[in-house]
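Descriptive structure summary
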Amino acid sequence: MPSVQPAIETHAVTRHYRMGRSVIPAVDGVDLTVGAGEFAALLGQSGSGKSTLMNLIAGLDRPTGGSIVILGTDLAKMSSEELARYRRFTVGMVFQSFNLISTMTVAENVELPMRFAEVSSAERKTRVQEAVGKVGLLPRLGHRPSELSGGEQQRTAIARALVNRPQILLADEPTGNLDSRTGTEIMDLLRELNAKFGMTVVMVTHERPLAERYAQRMIFLGDGKVLSESRPEVTA
Amino acid sequence: MKAYDLIDLASRNLREAFLRNSLTTVGISVGVASLVAMLSLGAGLQKLASRQLGRSGLFDSIVVSSRLDWRSQDDRRENRSFQSGETKTLDDTARAAIGKIPNVLDVYPDIRFNAELRFAKVPGGQERPHYNLIAGLPAMSRASEVFDDLQGSFYSGDMAEEAIVVGEFARELLQIPDAKPSEKAKLTEDQLKALLGKEITLSYLERQVQAPQPAQMEKSADLDSPFSALGGGPASLVPRSRKFKIVGVVESEPYGGMRAASRARLFIPTKLAESMNVVQPTDLRTALRPSQGKTYLTLVVRVKNSAQVKPVQEAIKQMGFSTYSILDASQGLTRFFTILDLFLGIFGSLALAVASLGIVNTLVMAILERRREIGIMKAIGASDADVKLLFFVEAGVMGAAGGVFGIALGWLIGKAINLGANIYMRSQELPTENFWFVPWWLIAGAFAFSVIVSLISGLYPASRAARLDPVQALRHD
Ligand SMILES: Nc1ncnc2c1ncn2[C@@H]1O[C@H](COP(=O)(O)OP(=O)(O)O)[C@@H](O)[C@H]1O
Ligand SMILES: [Mg+2]
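Quick look at the confidence of the model for chain B
Residues and elements named next belong to chain B.
- When pLDDT is averaged along chain B, the result is 78; 79% of the residues meet or exceed 70.
- Considering only residues more than four positions removed or in separate chains, one finds that residues 69–85, a stretch of pLDDT under 50, has 17 contacts.
- Below pLDDT 50 for its whole length, residues 215–233 participates in 26 contacts with residues either more than four positions away or in separate chains.
- ipTM for the predicted complex: 0.94, alongside a pTM of 0.67.

This is the structure:
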């Protein structure tokens, strides 16, 4: 999907962790461009720096070097307050461990980002319906996470990521805690969001078959560096 | 984040760890309660003291005396070099001048004299003599608190030949035994009926002044004598008797003057008493010396309210008279209560300080427990300020709840102390009193204090929560 402005650009981005005397280069000079509306998969072994890179793109963490430009805006130039706004409105995050708030119902979890976004309470109700409807969980609105299956919890997390209508969805191993059938359902949902609503999706996975089946592009990371990129034949 | 969402999220977080947060809140309540109990006790004691003193207008009265006649120790020290030429006579001119000072309600002499009273218990029966101190009581004293429980009525006028008696004397007149001091003994309807409207005969000495004789005036012109200027003819003492109707009974003695060392037991209107020209024990000297113009040993000045005492007192001093007011004496008392309140407040605050550590502890614990939740909130768009405010509001809500419960608890404790003290007082056959008083400012102040202390306690946990690194918080399970 060609686009004038790329959704995500990283320029020699690094994130080094200092552990006493030694320095761990979790992300080490990554140059990456993800076009708007693209579905990209980030692959690599455990510890290769995938999550660290995702957190940098999400604005949850700041790089120790290089720059990250999202939709033309350099994240380094943002204050922490602006980064919070960026996380609120521009990106949505989905995690392997769902990260729902256990004391809140599905509706309340999905509503939470809108509290930070100061959306009016009338508007919130319709948007919760809309987002939960998209992930097919309307009958479960009043349930708490502990009453849901893993797949349903991840759907809730996706609805929460969508509710402030971000342009970019960042999913860090979204199927990692799910069985393969449920994982496939989640992947189908992500592809639908990408195809139907034109969302840019960056997904971390270490399951290559999944990436090959859903992503338009695969980026292989190793030791914090981009090893290779490939464009698999997208099978429907 | 909007205020509603903040409070909503904060209170749902508080509900989640209900037991712990309740215990913390109870801690704050106990702190606030001890503060409220201590300070309300202080306020109650102060109120009690000023009620006892100010019961009958002590606090809005000034006693004026001539510097010539009756110098207070202070004046003697202050005005050692005071020229006799500058001193004034406390006469009717002065009285009128004082009456013109702004905020002065009334100026009247403090009339007290001994007289024989005769009263027949049964109409037409044998009259029994009673020797007693009689005092003039101005009509404006009607407003005094003492008359809140007046039985019967007040004088019908300034010159009415009517008398009000003190309860104790009423019992003496009716020949009934004294009541126990613990009981606010009022006369029964029957006893009142036997007294009110009855006549009591007053026998006293009247001072009659004859016209001055110029020769005599010159003879007595002695520079050493401050009274030389007054002059006047010789005075003679004439025994008189006059009938008064008893119209009212009052429990305690209304304030008449500052020299109330001897307590009067029967009161007549001051205006009338003045016109009677009774010889007073305090002006024996005046009685013996010839005098034409009326001079006063002392005048009582009533001002609008106690705040006016100081300025009026100053104005009278400017006129060249000595003044004395209870405010002079009560300054020490005020200082005592300020210090007492301070100490009670410090002890009360101590408990609240300990409770505030409970808030710090609870919230720091909450951060550790809610690490992941804080990380999640940041990941989905909460700013540092949002997180900080959330914890801050949680502290504030605990403070507010603790404040409300604490005030209620403190109120109960104060009530209990009061009850206990009064049970003790009763067992000692003393009259019961309210030692305890919760003024509005204390309720509002305690609540505000509780919230403020809680917010201050929340400062550190809140900023720690805000600084929490979301990446670390979300790393693994
Ligand atoms: N806070 C940290 N301190 C030190 N090392 C870290 C920290 N976070 C991540 N790392 C290291 O960075 C590397 C990349 O981690 P991560 O991005 O989580 O890998 P992946 O998600 O690909 O499994 C790992 O070697 C990890 O140990
Ligand atoms: Mg990872």
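Next comes the rest of the write-up.
A short note on the environment of T52(A)
All names here are of chain A.
- For T52, the location among the structural elements is in helix α1 (residues 50–57).
- With 25 residues separating them along the chain, T52 and V27 place their C-alpha atoms 6.8 Å apart.
- Non-local contacts of T52, meaning those with residues more than four positions away in its chain, are made with R15, Y17, A26 and V27.

So, the site of ligand 1
- Around ligand 1 there are 14 residues in total, and G47(A), K50(A), S51(A), T52(A) and Q472(B) lie nearest to it.
- K50(A) places a polar main-chain atom, nitrogen or oxygen, 2.9 Å from an oxygen atom of ligand 1.
- S51(A) is positioned such that a nitrogen or oxygen atom in its side chain is 2.7 Å from an oxygen atom of ligand 1.
- In isolation ligand 1 has 560 Å² of accessible area, and contact with the protein removes 78% of it.
- At three residues, α1(A) tops the list of elements feeding residues into the shell around ligand 1.
- A per-class count over the shell around ligand 1 returns four nonpolar, eight polar and two charged.

Re the packing of aromatic side chains
- Per the counting criterion, the structure on display carries two aromatic pairs over all chains.
- On the basis of an interplanar angle of 55° and a centroid distance of 6.3 Å, the ring pair of F113(B) and Y204(B) is categorised as tilted. Remark: Y204(B) occurs in strand β7 (residues 199–209) and F113(B) occurs in strand β3 (residues 112–120); sequence separation between them is 91 residues. Y204(B) shares its class with F113(B); the two are buried.
- Pairing F154(B) with Y155(B) gives two aromatic rings, centres 4.8 Å apart and planes at 50°, and the pair type is tilted.
- A relative accessible area of 11% means that F154(B) is categorised as buried.
- We classify Y155(B) as buried; its relative accessible area is 7%.
- Above the plane of the ring of Y17(A) lies R15(A), whose end atom (NZ or CZ) is 4.3 Å from the centre.
- One cation-aromatic arrangement involves K134(A) over F197(A); the distance from NZ or CZ to the ring centre is 4.2 Å.

Considering the interface of chain B and chain A
- Facing 26 residues of chain B, the contacting portion of chain A comprises 26 residues.
- Taken together, both faces of the contact between chain B and chain A bury some 2400 Å²; the carbon and sulfur share is 54%.
- Sorting the residues of chain B by area buried against chain A places R12(B), I380(B) and V471(B) first, and these three jointly supply 25% of that buried surface.
- The tally of links from chain B across to chain A stands at five salt bridges.
- Residue R12(B) is joined to E108(A) by a salt bridge in which the shortest nitrogen-to-oxygen separation is 3.0 Å.
- Applying the counting rule to chain B against chain A returns 12 residue pairs in polar contact (both at pLDDT 80 or more).
- Secondary-structure elements contributing two or more residues to the side of chain B that touches chain A are α1 (3–16), α12 (371–379), α13 (384–427) and α15 (470–474) of chain B.
- The greatest single-element share of the side of chain B that touches chain A, amounting to six residues, is contributed by α12(B).

Parameters at a glance
Residues numbered from 1 in each chain as written. Chains lettered and ligands numbered in written order. Predicted model: local features only at pLDDT ≥ 70, side-chain atom pairs only at ≥ 80, totals over all residues. Heavy atoms only, no water. pLDDT = per-residue confidence, 0-100. Contact = heavy atoms within 4.5 Å. Helix = DSSP H or I, 4+ residues; strand = E, 2+ residues; numbered from the N terminus. Near = heavy atom within 4 Å. Polar contact = N/O pair within 3.5 Å; in protein donor to acceptor, adjacent residues only side chain to side chain. Areas by Shrake-Rupley, 256 points an atom, 1.4 Å probe, with all protein chains shown as cover. Nonpolar A, V, L, I, M, F, W, Y, C, P; charged D, E, K, R; others polar. Phe/Tyr/Trp six-rings, centres within 6.5 Å; stacked < 30°, edge-to-face > 60°. Buried < 20%, exposed > 50% of the residue type's maximum accessible area, 1.4 Å probe, protein only. Lys NZ or Arg CZ within 6 Å of the ring centre and 35° of its normal. Buried area = accessible area lost by both parts, 1.4 Å probe. Salt bridge = Lys/Arg side-chain N within 4 Å of Asp/Glu carboxyl O.

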